[in-house]
Amino acid sequence: MMMATFMGLLGATELIAPDLSGNLSWIVFGRVRPIHVNLVLFGFVTPGLLGAAFYFLPRLLDTDLYSEGLGRVSVIVWNLILVCIVLSLAAGYSQGREYAEMIWPVDMLIVIVFTLIFFNFIMTVAQRREPLLYVSVWYACAAIVLTGLTYCLGNVIWRPDSGALVGIPDAILLWFYGHNIFGLLLTPLSLGVAYYVIPRVCRSPLYSHTLSLVGFWSLILVYTHIGTHHLLQVPVPTWLKVIATVDSVGMVIPVMVVLINLWYTAKGRLGEIHADIGGKFVFTGTILYFFVSIQGSMMALPQVQRITHFNNWVIAHSHVGVLGFAGMIALGGIYYILPRAVGKPLYSRYLADFQYWLVLIGVVGFTVVLTIAGLIQGNAWFNGETIYRVLPEIHMYYIVRASLGLIIFVAAVLGFYNIVRTIFGRPAETVVVEGSPTRELLAGSESGLAHQESGLAHQEVAS
Ligand code: HEM
Ligand code: HEM
């Protein structure tokens, strides 16, 4: 996260002072931007959420991870990929398609690592002792298999030289995949973590198992094919635009079903959420999920997008989604799981709290300034004004954005320090009461299994 946010900060600074990098090719904006974006996606948010999935899957399935060795190999390959991403993009080896910039050899490594992880997950599911599949398991497995598949399509891996088709079909394919990075990778992984952490922190059963499955399947049904809402200003077939717009608005169903379920689980227990730093990050992430999704549904309306497209409004939306929703939940997962995984107490709750506020201030601040800047740009261009008149108007907002970016970068450094000190800190006594956790989490109204009655507590109490 430190490296990723630093690249964001560098990019933001270059937007204020374009000559700052002295035209050093490795750090020109055009290269810094994709490094920032790919590092936040593949270097911070996705691995943060996947780490949590590796932790909760065996626990929810009441078994061991199928292969620790395979898991370690996946981590090594994953880190190798990150090094390749930074070096290749900085050196100018890019396929120039957003979220699919990586050259073919890196693409292949990414496909391989997703295959390894999926194999490990699915074999863990196969050897489970817990018959009920809790919804977090569904989300984690679906995210991996769907992303592995759409990554191949979106990166046109059968054309190693260009990684692209030609013309409009290429744009459609790219955004089918590009959109799925948020909809079928970050969203399900984040929701899987939220469904795991919130009931545990609240010490209360999930409100409804049925609703959790309705939320899962409606997400798969609706989210998979709305990528064309990124192309409403492009001459793609109208029927595709109509489907994308209608189902983007329809996204309100999977979003609200999930949120009602999670928020009802936490009803009356906000004190518990507030007392647990992991829960606090995750719960805040769910609130921002609400905002980013409502905003997204609005942005998919052609009349709205005429103003909001191609300007900082979208960058605001991106940061609320990827940092405010998925990033916050990734951080929450880390803070909930890390002390339990290493058997040591968190080094500093105070630092984690401080980091929480810095990230929250940063992301809310980003939203405000970038939305205003976006509206200025959108209206100016809508009225036919030229770009050299608009840029000075938004300069001040770029300065504020970079300052807020500095805050987020500082938060990342503090988080890193806290995590390292936790890992190398003094061990705590750990009491593990074995049992099947899934029923405990499922014990919602319709399953009839009362939380207390199940008596299957699986809680690692770090003292
Ligand atoms: C109901 C849910 C959502 C809907 C309907 C939606 C809709 C949209 C639309 C219409 C755009 C294109 C805007 C334009 O180019 O003018 C967009 C862009 C984007 N969305 Fe969402 N969004 C949703 C949720 C999310 C979430 C949860 C995330 C993050 C996890 C996210 C991340 C992004 C990003 C990063 C972009 C920028 C893509 C680019 O580089 O152009 N969105 N969204
Ligand atoms: C972990 C935290 C962060 C996440 C998850 C994140 C995510 C993203 C994403 C997904 C995009 C692509 C947006 C799009 O194409 O629509 C982006 C672009 C960008 N981000 Fe971040 N970001 C983070 C932190 C930062 C920070 C600290 C800064 C510093 C100011 C920053 C500055 C930028 C800039 C300048 C762009 C390019 C905007 C443009 O092209 O106009 N980001 N970020």
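Here the structure is a predicted model, which is why all the values come from computation and not from measurement.

Draft legend 1. Fine view of a nonpolar patch on the surface. Taken together, Phe310, Trp381, Ile387, Tyr388 and Leu391 make up a surface patch of nonpolar side chains, about 590 Å² in accessible area. With three residues, the single largest contributor to the nonpolar patch is helix H15 (residues 387-423). Here Trp381 lies in helix H14 (residues 349-382).

Draft legend 2. Inspection of the coordination of the iron atom of ligand 1 at higher detail. If you check the protein contacts of the iron atom of ligand 1, you find one donor only, His317 (NE2), at 2.2 Å. Mapped onto the elements, His317 comes out in helix H13 (residues 312-342).

Draft legend 3. View of the coordination of the iron atom of ligand 2. Only His36 (NE2) and His319 (NE2) from the protein reach the iron atom of ligand 2 as donors, at distances of 2.0 to 2.1 Å. Around the iron atom of ligand 2, the six donor atoms are arranged such that angles at the metal cover 85 to 180°; this shape is classified as octahedral. Taken together, the residues span a long stretch of sequence, with His36 in helix H2 (residues 29-61) and His319 in helix H13 at a distance of 283 residues. The exposure class assigned to His36 is buried, which follows from its relative accessible area of 16%.

Draft legend 4. Up close: the environment of Ala316. With respect to the element layout, Ala316 can be found in helix H13. Exposure remark for Ala316: the relative accessible area of 1% places this residue in the buried category. Excluding its chain neighbours within four sequence positions, the residues that come into contact with Ala316 are Phe366, Thr367, Leu370 and Thr371.

Draft legend 5. Expanded view of the packing of aromatic side chains. Tallied over the entire structure, the rule returns 24 aromatic pairs. Measuring from centroid to centroid gives 6.3 Å for Tyr196 and Tyr336, while their planes differ by 80°, and the two rings are edge-to-face. Residue Tyr196 is found in helix H6 (residues 167-202), and its partner Tyr336 is found in helix H13; the two are separated by 140 residues along the sequence. Like Tyr196, the residue Tyr336 is buried in the burial classification. For the ring pair Trp263 and Phe290, a centre distance of 6.1 Å and an interplane angle of 55° mean the geometry is tilted. Remark: Phe290 occurs in helix H11 (residues 277-299) and Trp263 occurs in helix H9 (residues 252-266); sequence separation between them is 27 residues. Given the relative accessible area of 25%, Phe290 is considered partly exposed.

Draft legend 6. Region of the structure containing the site of ligand 1. Around ligand 1, the structure places 24 residues, and the nearest of them are Glu98, Tyr99, Phe182, His309 and His317. Between ligand 1 and His317 there is a distance of 3.0 Å, counted from a nitrogen atom to a side-chain nitrogen or oxygen. Mapped by element, the contributors of at least two residues to the shell around ligand 1 are H6, H11 and H13. Ranked by residues supplied to the shell around ligand 1, first place goes to H13 with six residues.

Draft legend 7. Spatial organisation of empty space enclosed by the protein. A full pass over the atoms with the stated rule returns one cavity of 30 Å³ or more. For the largest cavity, the calculated volume is near 40 Å³. As for the largest cavity, its lining consists of Phe42, Trp78, Ile81, Leu82, Ile85, Ile110, Val113 and Phe114. Broken down by secondary-structure element, the contributors of at least two residues to the lining of the largest cavity are helix H3 (68-90) and helix H4 (104-126). No other element matches H3, which puts four residues into the lining of the largest cavity. A breakdown of the residues in the lining of the largest cavity according to their chemical character gives eight nonpolar, no polar and no charged.

What counts and how
- Residues numbered from 1 in each chain as written.
- Chains lettered and ligands numbered in written order.
- Predicted model: local features only at pLDDT ≥ 70, side-chain atom pairs only at ≥ 80, totals over all residues.
- Heavy atoms only, no water.
- Patch = residues over 30% accessible without salt bridge, like charges linked within 9 Å, V, L, I, M, F, W, Y side chains within 5 Å.
- Areas by Shrake-Rupley, 256 points an atom, 1.4 Å probe, with all protein chains shown as cover.
- Salt bridge = Lys/Arg side-chain N within 4 Å of Asp/Glu carboxyl O.
- Helix = DSSP H or I, 4+ residues; strand = E, 2+ residues; numbered from the N terminus.
- Donors = N, O, S within 2.8 Å, 3.2 Å for Na, K, Ca; no water.
- Tetrahedral: all angles 85-135°; square planar, octahedral: opposite > 155°, others 65-115°.
- Buried < 20%, exposed > 50% of the residue type's maximum accessible area, 1.4 Å probe, protein only.
- Contact = heavy atoms within 4.5 Å.
- Phe/Tyr/Trp six-rings, centres within 6.5 Å; stacked < 30°, edge-to-face > 60°.
- Near = heavy atom within 4 Å.
- Polar contact = N/O pair within 3.5 Å; in protein donor to acceptor, adjacent residues only side chain to side chain.
- 1 Å grid on protein atoms, 1.4 Å probe; cavity = no way out; pocket = protein on both sides within 12 Å on 5 of 7 lines; lining within 4 Å.
- Points joined across faces, edges and corners; volume = space filled by probe spheres on them.
- Nonpolar A, V, L, I, M, F, W, Y, C, P; charged D, E, K, R; others polar.

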